[in-house]
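Each chain is listed here by its residues.
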Amino acid sequence: MTHLFLFSCFLLLGVASSLAARIGYRGEVCDRSVGYEVPAEVKSDPALRNRANSLVAFWCTGAAILSLAPLVALGSAVLGDGGTSVSTWGLVAFAAYGLVVVTVGAYPFEKIKQLGGPAGR
């Protein structure tokens, strides 16, 4: 049961990161109806808008790839006989890895907030 839960969590992270990366590749990060909330300076400047799109596309693709890696091991455990269990240290390792994936996926959105300031140009 634990394997299935972890598999579902990492699959959800992969899908969410892939969708965010898709918005970045399509150039719709600054589009309020499809994209995300960005500072006004980023919306008005074409160079900053392109930078925001490339940041989201690159980092969210990386997060999607990172989230797919544990699916191989977890998928084989889910499809197996079910006689295995995850130890406490295994759960800690999966949680730490999940935190890394979320941090990689959240990085571009924090960076976009800084793009409009004088240090971001």
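These remarks concern the structure in this document. Since we're looking at a predicted model, the values are computed, not measured.

Our next topic: the environment of Leu-66. Mapped onto the elements of the fold, Leu-66 is located in helix 3 (residues 46-79). Along the backbone, Leu-66 and Ala-40 are 26 residues apart, and their C-alpha atoms lie at a distance of 31 Å. Ignoring anything within four residues of it in the chain, the contact list for Leu-66 reads Tyr-97, Val-101 and Val-104.

A full pass over the atoms with the stated rule returns 5 aromatic pairs. Plain terms: the ring middles of Tyr-36 and Phe-109 are 4.8 Å apart, the flat faces sit at 70° to each other, and that makes the pair edge-to-face. Linking Tyr-36 in the loop between helix 1 (2-26) and helix 2 (40-44) with Phe-109 in helix 4 (residues 88-115), this pair joins segments that are 73 residues apart in sequence. The exposure class of Tyr-36 is partly exposed, given its relative accessible area of 25%. Phe-109 sits in the partly exposed class, given a relative accessible area of 24%.

The packing of two helices is summarised by the inter-axis angle and the distance between the axes. Two numbers describe how helix 1 lies on helix 3: the axes approach to 7 Å, and their chain directions differ by 160°. As far as their axial angle goes, helix 3 and helix 1 are roughly antiparallel. Of the two possible hands of crossing, helix 1 and helix 3 adopt the one that is left-handed. For the contact of helix 1 with helix 3, the class distribution of residues is 20 nonpolar, 9 polar and no charged.

The next subject is the packing of helix 3 against helix 4. Contact geometry for helix 3 and helix 4: axes closest at 9 Å, N-to-C directions at 175°. It follows from the interaxial angle that helix 3 and helix 4 lie roughly antiparallel. In terms of residue class, the contact of helix 3 with helix 4 is made up of 20 nonpolar, 3 polar and 2 charged.

Calculation notes
- Note that residues are indexed from 1 along each chain, following the sequence as it is written.
- Only residues with pLDDT of at least 70 get local features here, since the model is predicted, and only at 80 or more are side-chain atom pairs given and counted; chain-wide, interface and lining totals rely on the full set of residues.
- Working from all heavy atoms in the structure, the side-chain values ignore hydrogens and water.
- Helix and strand definitions follow DSSP, with helices as H or I runs of at least four residues and strands as E runs of at least two, each counted in order from the N terminus.
- Throughout, a residue-residue contact means that at least one pair of heavy atoms, one from each residue, lies within 4.5 Å.
- Pairing of aromatic rings covers Phe, Tyr and Trp, the last through its six-membered ring, and needs centres within 6.5 Å; plane angles under 30 degrees mean stacked, over 60 mean edge-to-face, and all others mean tilted.
- Partly exposed describes any residue whose relative accessible area lies between the buried limit of under 20% and the exposed limit of over 50%, with all areas from a 1.4 Å probe on protein chains only and scaled to the type maximum.
- Axis lines are fitted through C-alpha atoms, for helices just across the contact stretch, and the angle between N-to-C directions can take any value from 0 to 180 degrees.
- Put simply, angles under 35 degrees are roughly parallel, angles over 145 are roughly antiparallel, angles from 65 to 115 are roughly perpendicular, and the rest are oblique.
- Whether a crossing is left-handed or right-handed is set by the direction in which the near helix is turned from the far one by less than a right angle, anticlockwise for left-handed and clockwise for right-handed.
- For this classification, Asp, Glu, Lys and Arg are treated as charged, while Ala, Val, Leu, Ile, Met, Phe, Trp, Tyr, Cys and Pro are nonpolar and the rest, including Gly, are polar.

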